[in-house]
Amino acid sequence: RAKAVAPGRFVHYDPGMSEEVEARRRLEVEIRRSLEDGDFLLHYQPVVDVRTGRVVGVEALVRWQHPERGLLSPQAFIPLAEQSGLIGPLGDVVLRAACAEAAGWPGDLKVAVNVSAAQFGNPGLFDDIAGALAAAGLPPQRLEIEITETVLLENEERNVAVLRALASLGVGVALDDFGTGYASLAYLATFPFSKLKIDRRFTGDILAKRECAAIVCSAAALGLSLGLTVVAEGVETAAQLEVLRLTGVTQAQGFLFGAPMPAEAIAGRIGSEVFAGGRAMAAAEA
Ligand code: C2E
Ligand code: MG
Ligand code: MG
Ligand code: MG
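Owing to the predicted nature of the structure, the values given are computational and were not obtained by experimental measurement.

The rules we used
Here, residues in each chain are numbered from 1, in the same order as that chain's written sequence. Think of it this way: whatever chain is written first is A, whatever ligand is written first is 1, and the rest follow in order. Totals for whole chains, interfaces and linings use every residue, but because this is a predicted model, local features are given only for residues with pLDDT of at least 70 and side-chain atom pairs only at 80 or more, for both listing and counting. Calculation of side-chain values draws on the structure's entire complement of heavy atoms; hydrogens and water are dropped beforehand. We count a stretch as a helix when DSSP gives it H or I for four or more residues in a row; a strand needs E for two or more, and each element gets its number in order from the N terminus. Remark: exposure states derive from per-residue accessible area (1.4 Å probe, protein chains only) relative to the maximum for the residue type, with buried under 20%, exposed over 50%, and partly exposed in between. Two residues form a contact once any of their heavy atoms are found within 4.5 Å. For the accessible areas, the method is Shrake-Rupley and the probe is 1.4 Å, while residue cover comes only from the protein chains on display. For Na, K and Ca the donor cut-off is 3.2 Å; for every other metal, N, O and S atoms count as donors within 2.8 Å. Water does not enter the count, which can leave sites looking incomplete. Here a Phe, Tyr or Trp ring, Trp counted by its six-membered ring, pairs with any other such ring whose centre lies within 6.5 Å, and the pair is stacked when the planes are under 30 degrees apart, edge-to-face when over 60, and tilted otherwise. Criterion for a salt bridge: a side-chain nitrogen of Lys or Arg within 4 Å of a carboxyl oxygen of Asp or Glu. For every residue, the predictor reports its confidence as pLDDT, a number between 0 and 100.

A. Representation of the overall build of the protein within the structure. Counting its secondary structure elements, the protein contains 12 helices and 12 strands. Among the 286 residues that make up the protein, the fraction classed as buried is 43%. Of all intrachain contacts in the protein linking residues separated by at least 6 positions in sequence, the fraction that spans at least 24 positions is 64%. For the protein, the accessible surface area stands at approximately 14100 Å², while carbon and sulfur atoms represent 53% of it.

Laid out in structure tokens, this is it:
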């Protein structure tokens, strides 16, 4: 706890707390510096068509090449970036890098970018996305943004307007981590989704828990009947993939097909088209 003794001056009574505050402040300074130095980069995870085994898209996942601590995952810095407002500039770096890199890849491969609820607080979000597409010369149809239910719960009217504008531009809108939030299903009729991503906690236990299998089946049926592409996240084994095929999901993503990898590595995979999943399915069909 801190007690104000004069405007702008605080006396700290809890040394633990002050250390935490100090660590957060330091991290914020480091994020700012790394934004200037270009220390943020993207890894890409393949998204596979369940029927053909072909890579039809990639998801961009941000990493921080920290000058002292090495490569950091999003959970180490995204929450603080969201709280401090730095998610705005960071999100813009991510969008521009994803669009620029995807513009160099063959065919109609889609790139998905995660956009958090905090980024919707920026009234310039639509212009930032349109600007990133234009700067890279990437057709809007090749970009997809991934949002979570948090975006639907806050500022519903304004956020739905932004999403509708993006959808009319041709940008895909995916609902990420489906089944883990608190929103009602009513939003499926309100927001212009093109894709539903079933959270990996259900995929992961699809063989072990009949409840999870039931949830994946129902979510897939719901999504498909709404005309959406349905993706299963976190597919790690061929056995999970086989069961998933029976649920009707359209696409799959997970360590079975590849962990998130640097841009150079994913570019090579795009050319090869078929992954282990495709071969496993071909074998199962034979
Ligand atoms: P997400 O969008 O749901 O991304 C999926 C996460 O699951 C990724 O973690 C990915 O590495 C991991 N994953 C993929 N396949 C498997 C699997 O088969 N098994 C397991 N156990 N995990 C798998 P990552 O890269 O650490 O990202 C975590 C979260 O951070 C993302 O969840 C997303 O919400 C957020 N995030 C990542 N990049 C960005 C970004 O550029 N902007 C924003 N706002 N958020 C981001
Ligand atoms: Mg995502
Ligand atoms: Mg997810
Ligand atoms: Mg997630």
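B. How the structure looks around the coordination of the magnesium ion (ligand 3). All of the protein donors around the magnesium ion (ligand 3) are D176 (OD), D177 (OD), E233 (OE) and E233 (OE); their distances to the metal are 2.1 to 2.6 Å. Distance-wise, the magnesium ion (ligand 2) is placed 4.1 Å from the magnesium ion (ligand 3), both being coordinated by D176. A relative accessible area of 26% means that D177 is categorised as partly exposed.

C. A look at the coordination of the magnesium ion (ligand 2). For the magnesium ion (ligand 2), every protein donor is listed as E59 (OE), N114 (OD1), E146 (OE) and D176 (OD), and the spread of their distances is 2.0 to 2.3 Å. When its relative accessible area of 30% is taken as the criterion, N114 is described as partly exposed.

D. Representation of the environment of G38 in the model. Its location among the elements puts G38 in the loop between α1 (15–37) and β3 (40–49). For the pair formed by G38 and I78, sequence separation is 40 residues and the distance between their alpha carbons is 16 Å.

E. The arrangement of the packing of aromatic side chains in detail. In total, this model carries 6 aromatic pairs according to the counting rule given. Pairing F191 with F193 gives two aromatic rings, centres 6.0 Å apart and planes at 25 degrees, and the pair type is stacked. Among the aromatic residues, those joined into a cluster by ring pairs are F40, W64 and F77.

F. Expanded view of the pattern of salt bridges. All told, the structure shown has 9 salt bridges when counted by the stated rule. A salt bridge links R201 to D199, with the nearest nitrogen and oxygen atoms 3.4 Å apart. Note on R201: relative accessible area 53%, which makes it exposed. Linked through salt bridges whose partners overlap, the residues forming this network are E59, E146 and K197.

G. Expanded view of the confidence of the model for the protein. Residue-level pLDDT values for the protein average 90, and 89% of them are 70 or greater. Note that pLDDT drops below 50 for residues 1–5; the model gives that stretch 15 contacts with residues more than four away or on any other chain. Ignoring residues within four places in sequence, the model shows residues 280–286, a span with pLDDT below 50, making 10 contacts including any to other chains. As scored by the predictor, the complex reaches a pTM of 0.91 and an ipTM of 0.97.

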